[in-house]
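Observations on chain architecture
Single-letter residue listing:
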Amino acid sequence: MDIQNKRISDGEFAQLRQEVLAQWPTGRDVDLEEAVAYHKSLPQCQNFSKKLLAAKAAGKTLVQPRAGVPVVEEHIKLMQYLEEHGEADFLPSTIDSYTRQNRYEEAENGIQESIRLGRAMLNGFPAVNHGVANCRRVVESVNVPMQVRHGTPDARLLTEITYAGGFTSYEGGGISYNLPYCKNIPMERTIRDWQYVDRLTGLYEEMGVSINREPYGPLTGTLVPPCISHAAAIIEALLAAEQGVKNITVGYGQCGNLVQDIAAIRTLQELTDEYLQKYGYSDVQVTTVLHQWMGGFPADEAKAFGVISSGSLIAALSKATKVIVKTPHEAVGIPTMEANAEGLRCTKQVVNMLSDQIYRDVTLDEEMEIIRLETRCIVDKCFELGNGDIAVGVCRGVEAGALDVPFAPCRFNAGQMLPCRDNNGAVRILNPGNLPFTQELKDFHAAKIEARAQAEKRKASFQMVIDDVYAIGKGRLVGRPKY
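The model shown is predicted, which means the values in this text are computed figures rather than measured ones.

Examining helix H9 (residues 187-206)
End to end, H9 covers 28 Å across 20 residues, agreeing with the expected 28 Å (1.5 Å per residue, within 8%). Burial within H9 is extensive, with 15 of its 20 residues counted as buried. One or two residues past the end of H9 sits Gly208, with phi positive at roughly 95°.

Quick look at the packing of aromatic side chains
What the rule picks out here adds up to 12 aromatic pairs. Seen from their ring centres, Tyr170 and Trp194 are 5.9 Å apart, and the 40° between their planes marks the pair as tilted. Of this pair, Tyr170 sits in strand E4 (residues 169-171) while Trp194 sits in helix H9; the two residues are 24 residues apart in sequence, bridging distant segments of the chain. For the ring pair Tyr275 and Tyr279, a centre distance of 6.4 Å and an interplane angle of 5° mean the geometry is stacked. Residue Tyr279 is classed as partly exposed on the basis of its relative accessible area, which comes to 32%. Among the aromatic side chains, those forming a connected cluster through ring pairs are Tyr163, Tyr170, Tyr177, Tyr181, Trp194, Tyr204 and Tyr216. The residue whose ring lies beneath Lys51 is Phe90, and the NZ or CZ to ring-centre distance is 5.5 Å. Stacked on the ring of Phe90, the Lys or Arg Lys322 has its end atom at 5.8 Å from the ring centre.

As for the nonpolar core
Counting residues in hydrophobic clusters, the biggest one holds 135 residues, and the most contacted among them are Met79, Ile175, Ile191, Tyr204, Ile228 and Val394. Looking at this core, the element that brings in the most residues is helix H10 (residues 226-242), giving 12 residues. Leaving out residues up to four positions away in the same chain, Met79 has contacts with Ala67, Leu91, Pro92, Val138, Val142 and Met146. Counting residues in each nonpolar core, the second largest holds seven residues, with Trp293, Phe297, Val307 and Cys346 among its members.

Here's the deal with the side chain of Ser318
Take Ser318: it is sitting in helix H12 (residues 301-318). A distance of 2.8 Å separates a polar side-chain atom of Ser318 from the backbone oxygen of Ile314. One polar contact links the side chain of Ser318 to the main-chain amide nitrogen of Ala320, over a distance of 3.4 Å. Once residues lying within four places of it in the same chain are set aside, the contact partners of Ser318 are Ile262, Ile265 and Arg266.

Things to note about the pairing of strand E6 (residues 247-253)
For E6, the tally of buried residues reaches seven of seven residues, placing the bulk of the element in the interior. Relative to strand E7 (residues 285-291), E6 runs parallel, the two being bridged by seven bridges. The partner of Tyr252 across the bridge, within E7, is Leu290. Handedness of the crossover joining E6 and E7 through helix H11 (residues 258-278): right-handed.

Let's talk about a nonpolar patch on the surface
Among the surface-exposed residues, Phe462, Ile466 and Tyr470 lie close enough to one another that they form a single nonpolar patch of about 310 Å² accessible area. Its place among the elements puts Ile466 in helix H17 (residues 462-471).

What counts and what doesn't
- Residues numbered from 1 in each chain as written.
- Predicted model: local features only at pLDDT ≥ 70, side-chain atom pairs only at ≥ 80, totals over all residues.
- Heavy atoms only, no water.
- Helix = DSSP H or I, 4+ residues; strand = E, 2+ residues; numbered from the N terminus.
- Expected span 1.5 Å × (residues − 1).
- Buried < 20%, exposed > 50% of the residue type's maximum accessible area, 1.4 Å probe, protein only.
- Phe/Tyr/Trp six-rings, centres within 6.5 Å; stacked < 30°, edge-to-face > 60°.
- Lys NZ or Arg CZ within 6 Å of the ring centre and 35° of its normal.
- Core = buried A, V, L, I, M, F, W, Y, C linked by side-chain atoms within 4.5 Å.
- Contact = heavy atoms within 4.5 Å.
- Polar contact = N/O pair within 3.5 Å; in protein donor to acceptor, adjacent residues only side chain to side chain.
- Pairing = 2+ DSSP bridges.
- Right-handed = clockwise from strand over helix to strand, strands pointing away.
- Patch = residues over 30% accessible without salt bridge, like charges linked within 9 Å, V, L, I, M, F, W, Y side chains within 5 Å.
- Areas by Shrake-Rupley, 256 points an atom, 1.4 Å probe, with all protein chains shown as cover.
- Salt bridge = Lys/Arg side-chain N within 4 Å of Asp/Glu carboxyl O.

Structural data, given as structure tokens:
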């Protein structure tokens, strides 16, 4: 498949759009001009882009849960509960797994079974099956902006229906919704399909409706070095900007070391702005989101609140624009709406307490500079591999291991880079694989990990990685052998 980082022409997009809307009967209800008029009729308080930019200007960190159930009435009840009792600033509709794989007939069966049995038989909200009118019922039931959160490699029809349904933010991208989620889908295909998503977003923008786009920051969620998630987010931001997207939220998944996490959020904003400016997208507004810990959680609810609070602290001190909140039920499965609201209130309490504080540390500048150098190595190498075209370059970069996501299931991912923590709990790189780092950066990581190995009186090895993956669930950050 031939791809390039070039805006899809109007004629080509119109032809593609006919094919996309024909994928499921609810696509017939999408009318772009009518959808734009609907968006313009919504109150300003429900526009994601505007609320994010106001929070960024005020230096506030806003809170958002993950949540979604299959039956419309129950989903509305959940959203209203999280708005009222969770004090959520934004609300999601997390999409079910069948819809993510474009298996709409099975999603329809899941809806009917959920109604018949009186309990959720899908793990999210099947927006494509529910269609435009039901999406609007959800949007109109609350007073805060709503986002679509999913994990869909080919999200084109989902985008069409939820945009027409009034959602004003949309998560994902051709990298972040491929490598962590898929096994056999080539990068070229997901990049191309997500160019459609971004071009549709650009069309709404051109017609006077700003819709926020959010690359999925955590990727595989556990021990992902900041430079890897930063590079993916920056490249997805560049790809979106080329299609006309003007409001982008780049994300990062909490790793656990206070200094590194704060440095990561601050450099993510800085580096995304830097690359957008460098390549001519000076009119794109950028905000940031911190995802609370995405790895294993302790089963004990009190201990789980400790993990949630640590992420809340990092979000506040880093001045992230938004934080995606976990629940005290993470270790046991899908949370109750009461537990979801408790996680939100816990986060909001910590964020509000720290909102006026500015974090400074003697090691923060050093950590920020390391992240800058590493990220530029990866992004610039992708540009080089694509002969200046980042859409081509990121596909070649993934194949070559220049961008290598740890623990990714995708067979097109190199899977050679291996992370673990240093003696202070920061995520470092045990095996760089083919990451295009300078020798100085490789030596930096080797020295940090060796210092831990000496402190623990063992060799640096894969066992450290295993220990670190399970550490937080066992009450620690670093996987020490004595614990």
